Amino acid sequence: GGSGYNPGHGNNDGREEAPCRNPVAFTASRATAYSRGRPGQLVFERTLTNLGGGWSGATGQFAAPYSGTYHFSWAALSPAHKQLKLALIRNGQEQAASWADQTGYQTASGSAILTLRRGDMVYLYVEEGEVYEPSTSNRGYATFTGYRVG
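Being a predicted model, the structure only gives us computed values, none of them experimental.

**Points about the nonpolar core**
Nonpolar side chains in soluble globular proteins tend to end up buried together.
Move 1: Grouped together as the largest cluster of nonpolar side chains are 28 residues, with contacts concentrated most on Phe 62, Phe 72, Leu 86, Leu 88, Val 131 and Phe 144.
Move 2: Mapped by element, the contributors of at least two residues to this core are strand S1 (25-31), strand S6 (68-77), strand S7 (84-90), strand S8 (93-100), strand S9 (107-116) and strand S10 (121-129).
Move 3: Not counting residues up to four positions away in its chain, the partners in contact with Leu 88 are Phe 72, Trp 74, Gln 93, Glu 94, Gln 95, Ala 96, Ala 112, Leu 114, Val 122, Tyr 123, Leu 124 and Phe 144.

**As for the sheet that holds S9**
Move 1: Ordered by their spatial adjacency, five strands build an open sheet running S3-S1-S11-S6-S9, and the pairing between neighbours is antiparallel. The sheet is open, and its two edges are formed by strand S3 (44-51) and S9, each paired on a single side. The sheet shows a mean angle of 10 degrees between the axes of neighbouring strands, taken without regard to direction.
Move 2: Bridge count between S1 and strand S11 (residues 143-148): five bridges; the pairing is antiparallel.

Thresholds, definitions, all that
Residues numbered from 1 in each chain as written. Predicted model: local features only at pLDDT ≥ 70, side-chain atom pairs only at ≥ 80, totals over all residues. Heavy atoms only, no water. Core = buried A, V, L, I, M, F, W, Y, C linked by side-chain atoms within 4.5 Å. Buried < 20%, exposed > 50% of the residue type's maximum accessible area, 1.4 Å probe, protein only. Helix = DSSP H or I, 4+ residues; strand = E, 2+ residues; numbered from the N terminus. Contact = heavy atoms within 4.5 Å. Pairing = 2+ DSSP bridges. Axes fitted to C-alpha atoms, helices over the stretch in contact; angles between N-to-C directions.

Here it is, written out as structure tokens:
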């Protein structure tokens, strides 16, 4: 089934839609040491963009400031000899997942378009394995991005 909330745009008589009046976008990078080594919610050290509010770097959660349709994407590396399963969670329910094998450093990445109601919570969750981040630099291999498309 595919029944989701659709805020709609009314009748536009074939004209193009106006650009999004309340832009919302965020990007976070580099998983915290505490959150990347165990099953649980992934939290990020850096917020690169937080346009329109909604993103909380301290909690690693995005709360939709407006009802609408949002695109989310994520990527993270597994350590050399461990697998990684990441899940995109909305209001406590898995919406999508990605997997990285344990053979070398593998990437778990994915994307999803979700229709959200104002206040819906979205975050990444480590279901299995762990996320790799280098200890010798501040480079962030894990990223999480979301933005409103309509």
